[in-house]
Amino acid sequence: MKNIVIFASGSGSNAENIIKYFKNDREIRVVALFCNRPNAFVLERIKGFDIPAFIFNREDFTSDRVLDRLKTLKVDLVVLAGFLWKVPPHILEAFPHQVINIHPALLPAHGGQGMYGMRVHEAVIARGDGESGITIHYVNERYDEGTVIFQAACAIAPGETPESLAGKIHALEQAHFPAVIKRLLENK
Ligand code: GAR
């Protein structure tokens, strides 16, 4: 059995989708949700799935508390799904090539600190890009710069708004993220 944990900070639509996808999987299971915001909606979403939630603060993250919990859970893959803090080096070193993130644009475009959620879609529309998409990538010590694992694109329609683009990106995330995780773990 391969063990996944999900880190999320907000709404948690990706976290819920991943949890549902692997609910009856024989080889891969989601063993915990890690959340840095006690009021995040993701904590409501996962009620009823029998997935333990671990709420942590910065000190837990930068000390060994989160790391120790990950080791105890025998984690094979750490999945950042709408998680907005930089992962500290001691965790990345303990899990080489085992921490991945999803970004709602075609990196290297529209990445970096402060680029998350609607801000990304607003930037894509403001620059007049012809397409956007999703990027799933390994996490390193810099925001949105790790090796790309997977990308999927969508066209920007005439009159596209950040809100309508967010809907397209959401659909791409729902369609691809769990399957990419599955493929990654099957090849490990
Ligand atoms: C997702 O669109 C994800 O790609 C994005 O936050 C959203 C979280 O939605 N992540 C980033 O912007 C990271 N820089 P969710 O909480 O409903 O899964």
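Here, the structure is the one placed above.
Read on for a plain summary of the structure. (Residues numbered from 1 in each chain as written. Predicted model: local features only at pLDDT ≥ 70, side-chain atom pairs only at ≥ 80, totals over all residues. Heavy atoms only, no water.)

### Thoughts on the pattern of salt bridges
Line of reasoning, step 1. By the definition in use, this model includes 11 salt bridges.
Line of reasoning, step 2. Asp129 serves as the salt-bridge partner of Arg127, at 2.8 Å between the closest nitrogen and oxygen.
Line of reasoning, step 3. Measuring nitrogen to oxygen at the nearest pair gives 3.2 Å for the salt bridge that ties Glu141 to Arg142.
Line of reasoning, step 4. For Glu141, a relative accessible area of 44% gives the class partly exposed.
Line of reasoning, step 5. Classification of Arg142 as partly exposed rests on a relative accessible area of 41%.
Line of reasoning, step 6. One continuous salt-bridge network, built from bridges that share partners, spans Glu16, Lys20 and Arg45. (Salt bridge = Lys/Arg side-chain N within 4 Å of Asp/Glu carboxyl O. Buried < 20%, exposed > 50% of the residue type's maximum accessible area, 1.4 Å probe, protein only.)

### Here we look at the site of the ligand
Line of reasoning, step 1. Surrounding the ligand, one finds Ser11, Gly12, Ser13, Asn14, Gly82, Ile102, His103, Pro104, Met115, Tyr116, Gly117 and Glu173.
Line of reasoning, step 2. Within the side chain of His103, one N or O atom sits 3.2 Å away from a nitrogen atom of the ligand.
Line of reasoning, step 3. Residue Glu173 places a side-chain N or O atom 2.4 Å away from an oxygen atom belonging to the ligand.
Line of reasoning, step 4. Compared with its free state, where it exposes 450 Å², the ligand has 86% of that area covered by protein.
Line of reasoning, step 5. Only α1 (13-21) and β5 (99-103) provide two or more residues apiece to the shell around the ligand. (Near = heavy atom within 4 Å. Polar contact = N/O pair within 3.5 Å; in protein donor to acceptor, adjacent residues only side chain to side chain. Areas by Shrake-Rupley, 256 points an atom, 1.4 Å probe, with all protein chains shown as cover. Helix = DSSP H or I, 4+ residues; strand = E, 2+ residues; numbered from the N terminus.)

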